[in-house]
Amino acid sequence: MFNRLPNIIRKPIIFYFDNEPIEALEGDTIASALLSAGVVEFRKSALSHNKRGPYCLMGTCFECLLEVDGVTQQQTCLIEVKNNMRVCREETKRLITNDG
Ligand code: FES
């Protein structure tokens with residue numbers, strides 16, 4: 001599991017994942033902040049519906065795709081998390097908006 005490096009002082013921030021507040025630290029990527037918070041399921045595979053989550057954390061595998069501030073299919077391992085950012089699983093948004 002993910003653990004933060006000790007003795008590195010960074011400012012705490014809050015962002016929202018599936019409408020729930022998550023605490024992160026400035027400089028975290030969205031994926032690393034979610035993994036640090038214990039979130040490991042980011043999406044389901046299109047065909048088998050198996051749970052998928054970040055694997056490479058360097059922009060290669062595309063397993064970390066989430067919707068970020070209304071923009072779909074974002075590689076969250078490459079995006080720095082910002083205060084009040086809205087992130088959601090695309091399946092969750094479909095359920096909430098009832099459009100799929
Ligand atoms: S974790 Fe592999 S592309 Fe983001």
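Structural data are supplied above this passage.
A. How the structure looks around the pairing of strand S5 (residues 65-68). Burial of the side chains of S5 is restricted to one face: Leu-66 and Val-68 are buried, whereas none of Leu-65 and Glu-67 on the reverse face is. Across three bridges, S5 lies against strand S6 (residues 71-75) in antiparallel orientation. Of the residues in S6, the one forming a bridge with Leu-66 is Gln-74. Once S5 ends, the chain turns through two residues before running back antiparallel as S6, passing Asp-69 with a positive phi of about 45 degrees. With two bridges joining them, S5 and strand S7 (residues 86-88) adopt antiparallel strand pairing. Bridging from a neighbouring strand, Glu-67 pairs with Cys-88 of S7.

B. Highlighting unusual backbone geometry. Although it is not a glycine, Phe-62 sits at a positive phi angle of roughly 65 degrees. When you line up the elements, Phe-62 lands in the loop between strand S4 (51-52) and S5. When the 14 C-beta atoms within 10 Å are taken as the criterion, Phe-62 is described as partly exposed. Residues other than glycine seldom take positive phi values, yet Gln-73 does so here, at roughly 60 degrees. With respect to the element layout, Gln-73 can be found in strand S6. For Gln-73, a count of 11 C-beta atoms within 10 Å corresponds to the exposed category.

Conventions we followed
Residues numbered from 1 in each chain as written. Predicted model: local features only at pLDDT ≥ 70, side-chain atom pairs only at ≥ 80, totals over all residues. Buried ≥ 20, exposed ≤ 12 C-beta atoms within 10 Å, placed from the backbone. Helix = DSSP H or I, 4+ residues; strand = E, 2+ residues; numbered from the N terminus. Pairing = 2+ DSSP bridges.

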